[in-house]
Amino acid sequence: MGERLSIKTERDEQQLFNSRAIVAALIVLLALTGIAARMYFLQVKQHDHYTELSLQNYQRRIPKAPTRGQIYDRNGVLLADSKTKYVLQIIRDGVPDLNGDNLRRYDDIEVLLGQLNNIVTITDKEQRLFMQQLRKKSRYQPTVLKENLTDVEVAKFAVNKPRFPGVDIEVRMERNYPYGAVASHVIGYVGRIDERDMKNLNRDEYAASTHIGKTGVEASHEDRLHGQTGYLEVEVDAHGQHKGVIKEIPPVGGQDLFLSIDINLQLKAEELLKDERGAIIAIDPSSGEVLAMASVPTFDPNLFVNGISHKDYIDLRDNPDRPLYNRALQSAYPPGSTIKPMVALGGLQEGVIWPSKTTYDPGFFQIPGNKHRYRCWKKSGHGAVGIDRAIAQSCDTFFYDMAYRMGVEKYSAFMRSYGFGQLTGIDLPSESAGLMPTPEWKQKRYKQVWYPGDTVNIGIGQGYWLATPLQLAHAVSTTAMRGVRIKPRLLHAVRRVKNEPPEMIPPDYLPKITLKNSRYWDLAINGMINVVNSSYGTAKKVSEDISYTMAGKTGTAQVFGIAQNAKYDAKRLAKRLHDHALFVGFAPANNPKIAMSVIVENGGGGSSVAAPLARAIMDEYLVPKPKVDPNAPTDANVTPTQTGTTPTDPLVNNKKVSATPTGH
Amino acid sequence: MFNSLLPPIVVQILQRLDLVLITALGLLIFVGGVTLYSASDMSSEMVYRQGLHFLIGGTLMVILSQVQSKTLRQWVVWLYGTGIVLLVLVLIIGETKKGATRWLYVGVDIQPAEIMKIAVPMMVAYYFSEKSLPPRFIDIIIALILIFIPMLLIMKQPDLGTSLLIAVAGIFVIYLAGMSWWLIGGSLAAVAIAAPLMFHYGMHEYQRQRVLTLISEDVDVLKEGYHIYQSKIAIGAGGIYGKGWGKGDQSHLDFLPERHTDFIYAVFGEEFGLVGNLALLSLYLFIIWRGLYIASKGEDTFGRLLAGSLSLTFFIYLLVNTGMVSGVLPVVGVPLPLVSYGGTSIVTLMIAFGIIMGMKKRKRIYQGDE
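Cut-offs used in this document
Here the residue index of a chain counts from 1 through its sequence in written order. Here chains are named by letter from A upward and ligands by number from 1 upward, in the order in which they appear as written. With the structure being a predicted model, the display of local features is reserved for residues of pLDDT at least 70 and the display and counting of side-chain atom pairs for 80 or more, all residues being used for whole-chain, interface and lining totals. Helix numbering and strand numbering both begin at the N terminus, where a helix is a DSSP run of H or I of at least 4 residues and a strand a DSSP run of E of at least 2. Residue pairs are scored as contacts if the distance between their C-beta atoms, which are placed from the backbone, is within 7 Å. Between the N-to-C directions of two axes lies an angle of 0 to 180 degrees, each axis being a line fitted to C-alpha atoms and, for a helix, fitted only over the stretch in contact. Roughly parallel covers angles under 35 degrees, roughly antiparallel covers those over 145, roughly perpendicular covers 65 to 115, and oblique covers all other angles. The hand of a helix crossing depends on one turn: near helix anticlockwise from the far one by less than a right angle means left-handed, and clockwise means right-handed. When residues are grouped by polarity, Ala, Val, Leu, Ile, Met, Phe, Trp, Tyr, Cys and Pro land in nonpolar, Asp, Glu, Lys and Arg in charged, and all others, Gly among them, in polar. In this analysis, strands are considered paired if DSSP registers two or more bridges between them. Expected helix span is given by 1.5 Å per residue-to-residue step, counting one fewer step than there are residues. The burial label depends on the number of other C-beta atoms within 10 Å of a residue's C-beta. Counts of 20 or more mean buried, 12 or fewer mean exposed, and intermediate counts mean partly exposed, with C-beta atoms placed from the backbone. pLDDT measures the predictor's confidence residue by residue and takes values from 0 up to 100. Each nonpolar core reported here comprises buried Ala, Val, Leu, Ile, Met, Phe, Trp, Tyr and Cys residues connected via C-beta atoms within 7 Å. What the arc measures is the spread of directions leading from the helix axis to the C-beta atoms.

Asker: Could you clarify how one ought to interpret the overall build of chain A in this entry?
Answerer: Across its full length, chain A carries 23 helices and 23 strands. When contacts within chain A are restricted to residue pairs at least 6 apart in sequence, those whose partners lie at least 24 apart make up 73%.

Asker: Honestly, the packing of helix α2 (residues 19-39) of chain B against helix α12 (residues 264-296) of chain B in this entry has me stumped. Any pointers?
Answerer: Each pair of packed helices can be summarised by the angle the axes make with each other and by the distance between the axes. Residues and elements named next belong to chain B. Where α2 meets α12, the axes come as close as 10 Å, and the angle between the chain directions of the two elements is 160°. It follows from the interaxial angle that α2 and α12 lie roughly antiparallel. For the element pair α2 and α12, the recorded crossing hand is left-handed. Packed against α2, whose contacting residues are Val20, Leu21, Ala24, Leu25, Leu27, Leu28, Val31, Thr35, Leu36, Ser38 and Ala39, the element α12 presents Ile264, Val267, Phe268, Glu271, Leu280, Leu283, Phe286, Ile287, Arg290 and Ile294 at the interface. Looking at the contact of α2 with α12, its residues break down into 17 nonpolar, two polar and two charged.

Asker: What's the story with the packing of helix α5 (residues 112-129) of chain B against helix α6 (residues 137-155) of chain B in this structure? I'm lost.
Answerer: Residue and element names in this part refer to chain B. In the contact formed by α5 and α6, the axes pass within 10 Å of each other and the chain directions differ by 170°. Judged by the angle between their axes, α5 and α6 are roughly antiparallel. Within the contact between the two elements, α5 uses Ala113, Met116, Val120, Met123, Val124, Tyr127 and Phe128 and α6 uses Asp139, Ile142, Ala143, Leu146, Ile147, Pro150 and Ile154. Its residues placed into classes, the contact of α5 with α6 shows 13 nonpolar, no polar and one charged.

Asker: Can you walk me through the interface of chain A and chain B in this structure?
Answerer: One frequently used descriptor of interface size is the decrease in accessible area upon assembly of the parts. The interface of chain A with chain B comprises 35 residues on the first partner and 42 residues on the second. If you list the elements that add at least two residues to the side of chain A that touches chain B, you get α1 (2-45) and α2 (47-58) of chain A. Among the elements that take part in the side of chain A that touches chain B, α1 of chain A stands out by supplying 21 residues, more than any other.

Asker: Looking at this model, I keep getting lost on the sheet that holds strand β3 (residues 108-110) of chain B. Mind explaining?
Answerer: Strand pairs in the sheet, formed through backbone hydrogen bonds, run parallel or antiparallel to each other. Residue and element names in this part refer to chain B. The three strands are arranged β1-β2-β3 in an open sheet whose pairing can be described as antiparallel. At either end of the open sheet lies a strand with only one pairing partner, and these are β1 (95-97) and β3. Going across the sheet, the axis of each strand differs from the next one's by a mean of 45°, ignoring polarity. As defined by bridge partners, β1 adjoins strand β2 (residues 100-106) across three bridges and the pair is classed as antiparallel. Bridged to Lys97 within β2 is Ala100.

Asker: I tried to follow helix α14 (residues 343-358) of chain B on my own but got confused; where do I start?
Answerer: Two residues of an α-helix separated by three or four positions point the same way, owing to the 3.6 residues in each turn. Between its first and last C-alpha, α14 of chain B extends 22 Å over 16 residues, near the 22 Å set by a 1.5 Å rise per residue. Along α14 of chain B, 13 of the 16 residues are buried, which leaves the element largely enclosed by surrounding structure.

Asker: Can you walk me through the confidence of the model for chain B in this structure?
Answerer: When pLDDT is averaged along chain B, the result is 87; 94% of the residues meet or exceed 70. No element of chain B has a lower mean pLDDT than helix α9 (residues 205-215) of chain B, which averages 70, and none a higher one than α12 of chain B, which averages 95.

Asker: Would you mind showing me how to read the nonpolar core here?
Answerer: In summary, soluble globular proteins display a tendency toward joint burial of nonpolar side chains. Core analysis: the largest hydrophobic core is formed by 115 residues, its most contacted members being Ile280, Ile281, Ala292, Met596, Ala610 and Ile617 of chain A. Each residue touching Ala610 of chain A, except ones within four places of it in the same chain, is listed here: Thr554, Ala581, Leu582, Phe583, Val598, Ile599, Val600 and Gly603 of chain A. Core analysis: the second largest hydrophobic core is formed by 106 residues, Leu64, Tyr127, Phe128 and Leu338 of chain B among them.

Asker: Can you walk me through helix α3 (residues 44-65) of chain B in this structure?
Answerer: Residues and elements named next belong to chain B. Along its 22 residues, α3 runs 30 Å from first to last C-alpha, staying within 8% of the 32 Å computed at 1.5 Å per residue. All of the buried residues along α3 are Val47, Gln50, Phe54, Gly57, Gly58, Met61, Leu64 and Ser65. One face of α3 carries all of its buried residues, which in axial projection span an arc of 125°. Relative to its buried face, α3 has exposed residues pointing more than 90 degrees away, namely Glu45, Tyr48, Leu52 and Leu55. Lining the buried residues of α3 we find α1 (8-16), α2 and α14.

Asker: Quick question: what am I supposed to make of the sheet that holds strand β11 (residues 278-284) of chain A here?
Answerer: All names here are of chain A. Pairing is antiparallel in the open sheet, where five strands are placed in the order β12-β11-β23-β22-β21. Each edge of the open sheet carries a strand with a single partner, namely β12 (289-296) and β21 (551-557). In this sheet, neighbouring strand axes are inclined to one another by 5° on average, regardless of whether the strands run parallel or antiparallel. Two strands pair when backbone bridges link them, and β11 and β12 are joined in this way by seven bridges, in the antiparallel orientation.

Asker: What is the right way to read the confidence of the model for chain A from this model?
Answerer: A low pLDDT score tells you not to read the predicted coordinates there in detail. Residues and elements named next belong to chain A. The pLDDT averaged across chain A works out to 85; a share of 88% of its residues lies at or above 70. The low-confidence segment residues 1-5 (pLDDT under 50) makes zero contacts with residues lying over four places distant or belonging to another chain. Of the regions scoring below 50 in pLDDT, residues 632-663 engages in 77 contacts with residues more than four places distant in sequence or in other chains.

Laid out in structure tokens, this is it:
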């Protein structure tokens, strides 16, 4: 009985177990199916996501900076290059461990320096600086021991490198401007990329670059100069150790730029302006290429490359002569009488004057019904003057009258067609548009109506009108080309691949100025020729011994407003309140090769101060240089030593009696 | 057919082994070795040492497969009792490593908790085998006490993971013994209610952190979530066919932590892909089912319960490890059974398989003697 019960129990228990085991087996199946489903989710559904994460894990892109393009002048003279610099540096953690305590103590390092000294000369100062730096840095960071290794030192170290684990030579590129302060406003400089730069640039492209163009051509042609960043794609492990190279894309060097600048002409221009403040711009009228653009004083761009010292920067910034400022296109001055040939063209075009038109100049102009006298610079008056004499003698009354009758709307519109009040679009940053005033502008700016007197004033390039020296040079170039306008530029040619011929940049034509009668150009240009070459021209003195035909126009821009009837007395005025001396011109008159503007700030009279500078530049550019002969007479060329006011010049004295905005 | 060629003692040993299970285990061990070779960056040294673990484990497995259920029953109380004593000793004079006191030094370091992985289900199975089944409520309570004593001692070390696994092994016995479905349902409900309380009051901060890591997506992947993050990347990047043997970047470039031990499954998943995973899971499923099948052919209730619960414990190790590595369960230090590198786990598991096979009903070879 007990036996049977036991058997029955045994059978029941077996059955009970079997049913439980089957349920358990099904649960196991279910659970493992769940795991399989999870695997499906990870390995199929989210495969791409995790592949991406996996690549991020172990692939590192090490960007390689491209070599910045070089900058040359139009004749291939090097103006900016990237110098290679070798820097010896040490990573403390990599240095052999003499004590075996895994600490790489400082005496370990000193032993190493002793050994290194046999290969590369290390001065006490370098060693002291290095030890100071080393204590500040983490043991994994490189510390610079010596900068500017010579090629011999680099070679010697390379041979011995296996003996010095933890010591490395880093190659750094450095921008160098061999001409220093010459043409620094044009070339500009590079500087370390700062946070402001970071906002605007493509971070991938600049991943390895430390420097970026900050001003000048370095900034405006940054895209061409920079080149394309290459990269090394390496495999790293979880500790950041490199395991191998996956892919390498070498960087592509930047383009070499050939500027339109002729460095000899530039040197001449800067030398002529020495000890002055001013600008000289020379343009090739047929191409718009800027041959020289001097803004004096200048600064040394090399100071900026690796971060200018605070003192140097303060000196430059607070210098009252503002050397960092590019006067050629950042400063706008009243253009003064330099614009009279263009005013005449505008009058002819609008029919306000005509070729045979004469105006009687009693020494002043009066608006009908108004007593105010707008004085001509010549107190006694020019008498009856036609267009030619009005330009050559810079008769103010002729242009007062003409502008008054032309009206501000037409006047401004014509000058705008010449480019005044607008950016020239030159390939340099920070250009000023100057100001070509209109009644709307005055209403907006001063909440005042435009008075007829305002028109009279701008008729001789005074009043509200402001122009940059570059705009003046561009305008005179347009006149020389009889209305053909070409955008001024500094880029002459680019070389994309080393050792290949450079590609020339074609001229960029702007809308042409077409006059009703093309003879009008002759009238204006003849007037300008007579400024220089006639017995009655305001700048007749500069044509002495000249071998080509020069056309030009003098100008004097008033800085200090003088009350009606008061006298301008240069001696009693501080130098900074003296008039600006201006001159625009081109040559040869019948086949223009050079057009230019000159401004000498507070220089005095345009004819005496600015015109000789223009002559000197034109001579430099147009006259073939004689063979160097120490016995040859040296007075053949106008020398730039005549700068500054020359009180003996009667024209200057005459001008000084003028009490109204004037020029000649 | 070998019977006539082999000496009778070998024939007898072979007859008590389950050759189907052994073949499956052999296949798994082979796969494990292949994976370990890759995970250890082609270190034959490590594979060789792992081979030694299997040699020791395999020997013990064969020996234990010869032990009949009625013999084993005589050892149960001693084994369980010794285990409890050792666990108490651990808490008194144990060695502390990394903030946990789990080891006893007796010439070599031993981990008494490891003994309990087998001793606890054995003890509970023994207790039930003395009773008529399905168990009465009081029997279940006594069984739970038998489980909770070692569990609490291990929790004290602290080693929450092992204590839970040991508890689960004991509970499987209760389940297999026929605990009523109502009670099972009720208990599960109670656990569901108790879990949040346990989370807030019963866990250490690091344990809570591990659970949170699992739930939250925006954990700091470089700290708390790093293991799971890297492991999921490895598996996910493996795709359908895997990157190929020895070509797992995640593991070879050292991103995957503990890649020869607890996280070896991620190495496998990265290199062999979903296809490999499904094959491996199928192999595991087969082994577990075979274990349950052998259990159902057990000599007696004790044998069935013990073999069944050991098979299910093996399953739980698998589930916890794969769940952890694939990011659905919290990080608990549980190796992938028979694949992860490590002697202790392998020897314990091989002993368990030896016991499972030993529980099988003997064929009546000596029928004539009865």
